[in-house]
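Summary of structural features
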Amino acid sequence: MFSEVVQGLLMGSVYGLIALGLTLIFGIMRVINFAHGALLMVSMFISYYCVTLLGMHPYLSLIIVIPAMFVLGYFLNHFFINPVLKKEADVREPIGALLLTAGLMIIFENGFMGLFGTDYKKINPDFANDSFQIGSAIITMPRFYAFIVAVIVTIIFYILLYKTEIGRTIRAVGQDRNAARLMGINVEKTFNIAFGIGMALLGIAGTVLLPFYTLHPTVGNVFGIMAFVTVVLGGLGSIPGAIIGGLIIGVVE
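Values in this document were obtained by computation on a predicted structure and should not be read as measured data.

Scanning the model with the defined rule gives one cavity of 30 Å³ or more in all. Reported here for the largest cavity is a volume of approximately 30 Å³. As for the largest cavity, its lining consists of Leu 22, Thr 23, Phe 26, Ile 32, Phe 228, Val 231 and Leu 236. In terms of residue count, the dominant contributor to the lining of the largest cavity is helix H1 (residues 2-29) (three residues). Across the lining of the largest cavity, the residue classes tally to six nonpolar, one polar and no charged.

Structure (structure tokens):
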């Protein structure tokens, strides 16, 4: 029993990290991002080719994955989602944006199938088979490192959101975008930044998953569904809820 709980907490921390970006985007923009899982897959592919083509350490690839995913998220929101939101400005949960993200999911998944094929890919870092034991639980190093990264990123994200000027701006827009606009905040730019941060968080999750999970163009389906379950369990738009929900899902699973 102890071993199952430990393994569940380790994997649940990754689920929570994946769900952080999803709940941030919904909490600020009121957009349910159906492309979340597909974009996780994109981040894993970026990390994979950093390792296989550039010879980088899997975790060192974060220096490329994080900015790449932030830029991708920023421009996806700027060029695709924001125009739809403007047309549905008075709709609390814009259906047009939801359908758009579903379309983006299909485009990314099928596009990557066409570019990279459907074969399963996997990296084998030096630490892949290393492990240590706590009681009856045998903990592999890739999962342990993923847990540590998830904890650190969650703390940094909390500080960013609640202790910085950009965090206050994001929260203000999430609470009342019209009032924020009257206070001189550029709401559209804030949406872009929030979506970019959500994708950067997703990039970190994809990178820590790669050392112990196989990669293929539809890998995001499983984690996308798990992210939705997590944020619903933890409360849509709730940052602590995403983490707690992820841990619960991991243990139950």
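Moving on from the coordinates now.
We now examine helix H9 (residues 220-234). If you check H9, its first and last C-alpha atoms are 20 Å apart, about what 15 residues at 1.5 Å a residue would give, namely 21 Å. Count one or two residues on from H9 and you reach Gly 235, which has phi positive near 105°.

This part covers the nonpolar core. Core analysis: the biggest nonpolar cluster contains 69 residues, and Ile 18, Met 29 and Leu 209 have the highest contact counts within it. With 13 residues, helix H8 (residues 187-209) is the largest single contributor of residues to this core.

Below, the discussion takes up H1. The terminal C-alpha atoms of H1, which comprises 28 residues, lie 40 Å apart, in line with the 40 Å expected from a rise of 1.5 Å per residue. Approximately 30° is the largest bend angle found in H1, and it occurs at Ala 19. Counted residue by residue, H1 has 23 buried out of 28 residues, so it is predominantly covered. Where H1 ends, the next residue or the one after it, Arg 30, has phi of about 60°, a positive value.

For any pair of aromatic rings, geometry is given as the distance between the ring centres together with the angle between the planes. Overall, the coordinates contain 18 aromatic pairs when judged by the stated rule. Summarising the aromatic geometry, the rings of Tyr 59 and Tyr 145 are spaced 5.9 Å apart at their centres and angled 90° between planes, so their arrangement reads as edge-to-face. A residue pair is termed long-range when its members are at least 10 positions apart, and Tyr 59 in the loop between helix H2 (36-52) and helix H3 (62-87) and Tyr 145 in helix H5 (residues 141-163) qualify at 86 residues. Centre to centre, the rings of Phe 112 and Phe 116 are 5.3 Å apart; their planes meet at 45°, and the pair counts as tilted. One end of the pair, Phe 112, and the other, Phe 116, are both in helix H4 (residues 95-116), four residues apart, so they sit about a helical turn from each other. Joined through ring pairs, the aromatic side chains of Phe 45, Tyr 48, Tyr 49, Phe 112 and Phe 116 make up one cluster.

Scoring rules and cut-offs
- Residues numbered from 1 in each chain as written.
- Predicted model: local features only at pLDDT ≥ 70, side-chain atom pairs only at ≥ 80, totals over all residues.
- Heavy atoms only, no water.
- 1 Å grid on protein atoms, 1.4 Å probe; cavity = no way out; pocket = protein on both sides within 12 Å on 5 of 7 lines; lining within 4 Å.
- Points joined across faces, edges and corners; volume = space filled by probe spheres on them.
- Helix = DSSP H or I, 4+ residues; strand = E, 2+ residues; numbered from the N terminus.
- Nonpolar A, V, L, I, M, F, W, Y, C, P; charged D, E, K, R; others polar.
- Expected span 1.5 Å × (residues − 1).
- Core = buried A, V, L, I, M, F, W, Y, C linked by side-chain atoms within 4.5 Å.
- Buried < 20%, exposed > 50% of the residue type's maximum accessible area, 1.4 Å probe, protein only.
- Bend = angle between axes of the 7 residues up to and from the residue.
- Phe/Tyr/Trp six-rings, centres within 6.5 Å; stacked < 30°, edge-to-face > 60°.

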